[in-house]
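# Per-entry structural report
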Amino acid sequence: MATANELTQLAATLAKLAESLATSEAEPPPAPVRQMPERVLLTVEEAAERLGIGRTLAFRLVKTGQLESVQISRLRRVPASAVREFAERLVTDAAAQNSAA
């Protein structure tokens, strides 16, 4: 069993811990991390990921012109708007096929 002296020391330690926790909670939260704006141009791989398709299919769509892309020096990029437009076109075409059937 603990002695009175040990209990006093334990109580003092617990009081210090409680005080420390109370002051740490009173500190202001850290500044929020600045988020980067949404990218305007994506790699073909990133476009494929957004569309939920494979890399090879995305490159094929770029090559056939079904998915708009631009070349910057040696880089091939897909505008983010082109990804949205392609997806909307797919939905529109599917709806037209369903209504025709």
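Provided above is the structure to which this section pertains.
Model, not experiment: these values are computed from the prediction.

Here we come to the nonpolar core. Counting residues in hydrophobic clusters, the biggest one holds 13 residues, and the most contacted among them are Val44, Val62, Leu67, Val78 and Val83. Residue assignment for this core shows that the elements contributing at least two residues are helix 2 (44–51), helix 3 (55–64) and helix 4 (80–100). The element that contributes the greatest number of residues to this core is helix 4, accounting for four residues. With residues up to four places along the chain from it excluded, the contact list for Val44 reads Ala58, Phe59, Val62, Arg76 and Val78.

On the surface, a cluster of nonpolar side chains totalling about 480 Å² of accessible area is made up of Leu7, Leu10, Leu14, Leu17 and Leu21. Counting through the fold element by element, Leu7 comes out in helix 1 (residues 4–26). On the accessibility criterion, Leu7 (47% relative accessible area) is partly exposed.

A word on the side chain of Thr43. Note that Thr43 resides in the loop between strand 1 (41–42) and helix 2. Classification of Thr43 by relative accessible area gives buried; the value is 18%. Sequence-distant contacts of Thr43, defined by excluding residues within four places in its chain, comprise Arg76 and Arg77.

Let us look at unusual backbone geometry. For Ser73, which is not glycine, the phi dihedral falls at a positive 60°. Looking at where Ser73 falls in the secondary structure, it is placed in the loop between strand 2 (70–72) and strand 3 (75–79). The exposure class assigned to Ser73 is exposed, which follows from its relative accessible area of 66%.

So, about the pattern of salt bridges. Once their charged atoms are close, side chains differing in charge can pair, the charge on each being opposite to the other. Here the structure, examined in full by the defined rule, presents four salt bridges. Arg55 serves as the salt-bridge partner of Glu45, at 3.1 Å between the closest nitrogen and oxygen. Here Glu45, found in helix 2, pairs with Arg55, found in helix 3; they are ten residues apart in sequence, far enough to count as distant. Look at the salt bridges and you will find they share partners, linking Glu38, Arg50 and Arg84 into a network.

Looking now at the pairing of strand 3. Across a regular strand the side chains alternate sides, sitting on one face of the sheet and then on the other. Across two bridges, strand 1 lies against strand 3 in antiparallel orientation. Each bridged residue has a counterpart across the sheet, and for Leu42 the counterpart in strand 3 is Val78. Counted between consecutive antiparallel strands, the loop separating strand 2 from strand 3 contains two residues, among which Ser73 sits at a positive phi close to 60°.

Let us now look at the sheet that holds strand 2. Strand pairs in the sheet, formed through backbone hydrogen bonds, run parallel or antiparallel to each other. Read from one edge to the other, the open sheet built from three strands follows the order 1-3-2, with strand pairing classed as antiparallel. Strands with a single pairing partner mark the edges of an open sheet, and in this sheet they are strand 1 and strand 2.

Another point: the side chain of Ser69. Structurally, Ser69 can be placed in the loop between helix 3 and strand 2. A polar atom in the side chain of Ser69 sits 3.0 Å from the side chain of Arg76. Look past the residues within four positions of Ser69 in its chain and what remains in contact with it is Val62, Arg76, Arg77, Val78 and Pro79.

Definitions and limits used
- Residues numbered from 1 in each chain as written.
- Predicted model: local features only at pLDDT ≥ 70, side-chain atom pairs only at ≥ 80, totals over all residues.
- Heavy atoms only, no water.
- Core = buried A, V, L, I, M, F, W, Y, C linked by side-chain atoms within 4.5 Å.
- Buried < 20%, exposed > 50% of the residue type's maximum accessible area, 1.4 Å probe, protein only.
- Helix = DSSP H or I, 4+ residues; strand = E, 2+ residues; numbered from the N terminus.
- Contact = heavy atoms within 4.5 Å.
- Patch = residues over 30% accessible without salt bridge, like charges linked within 9 Å, V, L, I, M, F, W, Y side chains within 5 Å.
- Areas by Shrake-Rupley, 256 points an atom, 1.4 Å probe, with all protein chains shown as cover.
- Salt bridge = Lys/Arg side-chain N within 4 Å of Asp/Glu carboxyl O.
- Pairing = 2+ DSSP bridges.
- Polar contact = N/O pair within 3.5 Å; in protein donor to acceptor, adjacent residues only side chain to side chain.

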